[in-house]
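One-letter residues, chain by chain:
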Amino acid sequence: MIEYVALLIAGLAVGVGLGLMIKGKSAAGKIRTAEAEAVRIVAAAEREAETKRKEAVLEVKDKLYQARADFERETRDKRQEIQNQERRLTQKEEGIEKKIDVIEKREAEAAKRERELAAREKVAQEKEERYENGLREQRQMLEKIASMTAEEAKRQLMVAMEDEAKYEAARTIKRIEDEAKEEADKKAKNIISLAIQRYSSDYVAEATVSVVNLPNDEMKGRIIGREGRNIRALEAATGIDLIIDDTPEAVLLSCYDPLRREIAKLTIERLIQDGRIHPARIEEIAEKVKKDLDISMKEEGEKAAFDLAIHNIHPDVIKLLGRLKYRTSYGQNVLMHSREVAYFAGVMAAELGVDQKLARRAGLLHDLGKAVDHEVEGTHPTIGGDLAKKYGESQKVINAILTHHGDGEATSVEAVLVAAADALSAGRPGVRRETLESYLKRLEQLEAAANSFKGVEKSYAIQAGREIRIIVKPEDLSDAHSAQLSRDIAKKIEQELAYPGQIKVTVVRESRYVEYAK
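In this report, we go over the structure that sits alongside the text. As the structure is a prediction and not an experimental result, all values here were calculated from the model. Residue numbers run consecutively from 1 along every chain, following the written order of its sequence. In keeping with the model being predicted, local features are shown solely for residues with a pLDDT of at least 70 and side-chain atom pairs are shown and tallied solely at 80 or more, while totals for entire chains, interfaces and linings include all residues. Side-chain descriptors were evaluated using all non-hydrogen atoms of the structure, hydrogens and water having been removed beforehand.

Overview of the overall build of the protein
Step number 1: Secondary structure elements follow DSSP: runs of H or I no shorter than four residues count as helices, runs of E no shorter than two count as strands, and numbering proceeds from the N terminus. Along the backbone of the protein there are 16 helices and eight strands.
Step number 2: In the protein, which comprises 518 residues, the share counted as buried stands at 30%.
Step number 3: Residue contacts follow a heavy-atom distance rule, with two residues in contact if any of their heavy atoms lie within 4.5 Å. Summarising the internal contacts of the protein: among those between residues at least 6 apart in sequence, 60% fall at separations of at least 24. Type-normalised accessible area, obtained with a 1.4 Å probe on protein chains alone, sets the label of each residue: buried when under 20%, exposed when over 50%, and partly exposed for intermediate values.

Here is the structure:
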């Protein structure tokens with residue numbers, strides 16, 4: 001309505017303006033024209049106002065329709081959400097009912113198991129009562145037979161147990177004293193273990209070869225020669241006894257000197273390759289093999305000295321060291337053993353802060369006498385000491401060679417270290433055949449001693465024979481009986497076996513119960 005009035009006023013203003021502008025015309029014509037124009041403007045204004053009013057009405061109707069649509073949509077969404085919540089509540093109620101059913105079933109099963117356990121407990125109680133009654137009857141019978149009451153038997157048992165406890169106490173005191181003594185040697189043991197840990201060697205125990213393989217049995221006749229002249233020439237040139245028997249495609253070499261056997265072996269092998277086998281050729285080849293072997297032994301000795309950084313060794317001593325390559329002791333190669341001893345002694349000397357070079361030198365030369373002990377009378381330490389003195393070695397080296405088996409008094413720390421290193425290299429299980437056999441035999445005896453007792457299921461000797469672990473049958477032995485069993489086994493081991501140090505006896509009694517969740 002306001003817009004209509006504004007338009008009317010505007011129309012009047014325009015009409016007045018137009019009337020004023022027409023000054024040259026007549027006032028009546030101007031008035032009529034102005035009035036006509038005013039009517040026209042008013043009519044246009046009324047039409048525009050009506051249009052605006054209708055547009056306003058339509059806009060109001062559109063807004064009202066949109067508001068009604070939004071309200072209906074919100075109502076529909078709320079209704080859908082309420083329905084979803086009702087459906088979820090229904091599902092939860094169903095799940096709760098199922099859980100209640102499961103709980104009721106479990107409660108029923110638990111009640112059933114409880115009744116079964118009560119029945120089993122009653123049966124077990126009845127068995128225990130019968131057991132106690134039987135035990136009481138047996139005790140009365142034993143008292144009647146032994147003419148001794150249970151109290152008297154207990155007193156005697158207590159006396160026996162007291163004696164045993166005193167014995168165990170004495171043993172414990174002795175063990176503590178031994179441990180105190182061993183504690184004084186702890187640093188030395190640590191040094192020895194460090195030396196062993198740091199040593200790495202692809203050790204091979206080479207045995208002296210006494211068998212020569214032949215390409216065929218016809219070669220035996222050629223080695224013997226006409227009327228045995230070839231075999232006589234070979235024995236004379238090498239100093240060995242050649243044994244030809246029924247062994248197929250092989251001959252045996254027999255001699256107290258392993259170096260001679262090696263010379264004979266190489267000579268026969270070269271003769272077979274050459275094909276010319278006669279006395280002159282045998283002597284020629286034998287001499288050549290001796291020269292080649294001398295060179296090889298010198299190279300081996302030089303290599304050992306170079307690897308250990310040992311210098312200024314007499315050439316004859318170098319050759320004797322190389323000769324040790326063809327010498328074995330209980331299946332252990334003596335040259336390799338000497339290198340090990342030198343290494344161990346050097347490591348321990350470094351830990352103690354004494355002369356490493358001297359320890360390595362004495363360790364390498366400690367078995368020098370074994371190179372010629374087949375030719376010279378006396379023990380190998382004595383022979384080695386004489387050779388070291390002959391070739392200008394120091395007095396400390398000579399003393400270490402003479403005393404490495406405890407035959408004399410060591411005058412230096414290095415001599416003691418050489419003796420310890422020699423024991424390390426030779427005493428490790430598996431290095432020497434005899435040591436390995438006795439080691440395995442001791443393990444077997446340990447297990448046999450444990451298995452001889454009733455109730456033992458399995459036994460294992462572990463920790464290189466320092467511990468025996470026994471698995472007992474839990475249904476046959478109680479915990480108290482297991483403790484007694486460990487003492488009985490320890491006593492049997494003490495009485496029947498010879499062993500260094502002490503052996504730990506561990507008895508394991510285990511009960512296992514297995515169930516399956518289905």
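Some thoughts on a nonpolar patch on the surface
Step number 1: On the surface, a nonpolar cluster with roughly 320 Å² of combined accessible area is contributed by L157, M158 and M161.
Step number 2: Examined against the element boundaries, M158 turns out to sit in helix α3 (residues 150-184).
Step number 3: By relative accessible area, M158 is classed as exposed at 53%. Patch criteria: residues need more than 30% relative accessible area and no salt bridge. Like-charged residues are merged within 9 Å; nonpolar side chains of Val, Leu, Ile, Met, Phe, Trp and Tyr are merged within 5 Å. The protein chains shown are the only cover counted for residues, whose accessible areas, like all others here, come from Shrake-Rupley with a 1.4 Å probe. Just to be clear on terms, a salt bridge is a Lys or Arg side-chain nitrogen sitting within 4 Å of an Asp or Glu carboxyl oxygen.

Notes on the nonpolar core
Step number 1: Among buried residues, the Ala, Val, Leu, Ile, Met, Phe, Trp, Tyr and Cys ones that are joined through side-chain atoms within 4.5 Å form a nonpolar core. One finds L364 and L387 to be the most contacted residues of the largest nonpolar core, which totals 39 residues.
Step number 2: Breaking this core down by element, the ones donating at least two residues are α8 (279-307), α9 (315-323), α10 (334-352), α11 (356-365), α12 (380-390), α13 (395-403) and α14 (413-427).
Step number 3: Residue contributions to this core peak at eight residues, all from α10.
Step number 4: If we skip the residues at most four places from it in the chain, L387 touches L320, L368 and V372.
Step number 5: Membership of the second largest hydrophobic core comes to 25 residues, among which are M219, I231, I268 and I282.

Quick look at a negative patch on the surface
Step number 1: When charges are counted, neither His nor the chain ends are considered; positive counts come from Lys and Arg and negative counts from Asp and Glu. Here the site of a charge means atom NZ of a Lys, CZ of an Arg, CG of an Asp or CD of a Glu. Together, E93, E94, E97, D101, E104 and E107 make up a negatively charged patch on the protein surface.
Step number 2: As for its placement among the helices and strands, E97 is situated in helix α2 (residues 27-146).

Section: the pairing of strand β7 (residues 467-472)
Step number 1: When DSSP finds two or more bridges between two strands, those strands count as paired. As defined by bridge partners, strand β6 (residues 456-462) adjoins β7 across six bridges and the pair is classed as antiparallel. Considered in β7, the bridge of A461 is made with I468.

Digging into unusual backbone geometry
Phi is mostly negative for residues that are not glycine, and the peptide bonds are mostly trans.
Step number 1: Positive phi outside glycine occurs at E227, with the angle close to 55 degrees.
Step number 2: Its location among the elements puts E227 in the loop between α5 (218-224) and α6 (229-238).
Step number 3: One non-glycine residue, N312, lies in the positive phi region at around 60 degrees.
Step number 4: Along the chain, the position of N312 falls in the loop between α8 and α9.

Some remarks on the pattern of salt bridges
Step number 1: Under the defined criterion, the tally for this structure stands at 17 salt bridges.
Step number 2: One salt bridge in this structure joins R53 and E50, with 2.2 Å as the shortest N-O distance. Of this pair, R53 and E50 both sit in helix α2, three residues apart, which is roughly one turn of that helix.
Step number 3: The exposure class of R53 is partly exposed, given its relative accessible area of 46%.
Step number 4: In this structure, the salt-bridge partner of R281 is D274, at a minimum N-O distance of 3.1 Å.

Section: the sheet that holds β7
Where strands meet in a sheet, backbone hydrogen bonds hold them as pairs that are either parallel or antiparallel.
Step number 1: Read from one edge to the other, the open sheet built from three strands follows the order β6-β7-β8, with strand pairing classed as mixed. Strands with a single pairing partner mark the edges of an open sheet, and in this sheet they are β6 and β8 (504-509). Averaged over all adjacent pairs, the angle separating strand axes in this sheet is 20 degrees, with direction ignored.
Step number 2: Relative to β8, β7 is paired through six bridges, and the arrangement is parallel. Paired with V472 across the bridge in β8 is R509.
Step number 3: Packing against the sheet, helix α16 (residues 479-496) makes contact with β6, β7 and β8, and its axis sits at approximately 155 degrees to β8. Comment: axis = line fitted to C-alpha atoms, over the contacting stretch for helices; angle = value between 0 and 180 degrees taken between N-to-C directions.

What to know about the side chain of H404
Step number 1: Along the chain, the position of H404 falls in the loop between α13 and α14.
Step number 2: Residue classification places H404 among the buried residues on the basis of a relative accessible area of 3%.
Step number 3: Polar contacts, as used here, are pairs of N or O atoms within 3.5 Å; protein pairs need one atom able to donate a hydrogen and one able to accept it. Residues neighboring in sequence count only if both atoms are side-chain atoms. Of the polar contacts made by the side chain of H404, one reaches the side chain of H380; its length is 3.4 Å.
Step number 4: Within the structure, H404 has its side chain in polar contact with the side chain of H405 (distance 3.3 Å).

Regarding the sheet that holds strand β2 (residues 241-243)
Step number 1: The antiparallel open sheet is built from three strands, whose spatial order is β1-β3-β2. Edge positions in the sheet fall to β1 (211-213) and β2, since each of these pairs with one other strand and no more. Across this sheet, the average inter-strand angle for adjacent strands is 25 degrees, counted without regard to direction.
Step number 2: Note that β2 and strand β3 (residues 250-254) share three bridges and pair antiparallel. Bridge pairing links L242 to L253 in β3.

A look at the environment of G221
Step number 1: Relative to the elements of secondary structure, G221 occurs in helix α5.
Step number 2: Each C-alpha atom of the pair G221 and I244 lies 9.6 Å from the other, and the pair is 23 residues apart in sequence.

Topic: α10
Step number 1: Each helix should span, by expectation, one fewer than its residue count multiplied by 1.5 Å. The terminal C-alpha atoms of α10, which comprises 19 residues, lie 27 Å apart, in line with the 27 Å expected from a rise of 1.5 Å per residue.
Step number 2: At the C-terminal side of α10, G353 shows a positive phi close to 80 degrees.

Topic: the packing of α10 against α11
Step number 1: Contact pair α10 / α11: the axes reach a minimum separation of 7 Å and the direction vectors enclose 160 degrees. As judged from the angle between their axes, α10 and α11 are roughly antiparallel. For the pair α10 and α11, the sense of crossing is right-handed. Packed against α10, whose contacting residues are S338, R339, V341, A342, A345, G346, A349 and A350, the element α11 presents Q356, A359, R360, G363 and L364 at the interface.
Step number 2: Polar here means any residue outside two lists: the nonpolar Ala, Val, Leu, Ile, Met, Phe, Trp, Tyr, Cys and Pro, and the charged Asp, Glu, Lys and Arg; Gly therefore counts as polar. Taken together, the residues that form the contact of α10 with α11 break down as seven nonpolar, four polar and two charged. Roughly parallel here means an angle under 35 degrees, roughly antiparallel means over 145, roughly perpendicular means 65 to 115, and every remaining angle is called oblique. Whether a crossing is left-handed or right-handed is set by the direction in which the near helix is turned from the far one by less than a right angle, anticlockwise for left-handed and clockwise for right-handed.

Notes on the packing of aromatic side chains
Step number 1: Working definition: a ring pair exists when centres of Phe, Tyr or Trp rings (six-membered ring for Trp) sit within 6.5 Å. Plane angles under 30 degrees give stacked, over 60 give edge-to-face, the rest tilted. Applying the stated rule across the entire model yields one aromatic pair.
Step number 2: Measuring from ring centre to ring centre gives 6.4 Å for Y343 and F344, while their planes differ by 65 degrees; the resulting arrangement is edge-to-face.
Step number 3: Judged by its relative accessible area of 26%, Y343 is partly exposed.
Step number 4: Using a relative accessible area of 1% as the deciding quantity, one classes F344 as buried.

Function cannot be read off these values alone, since they describe shape.
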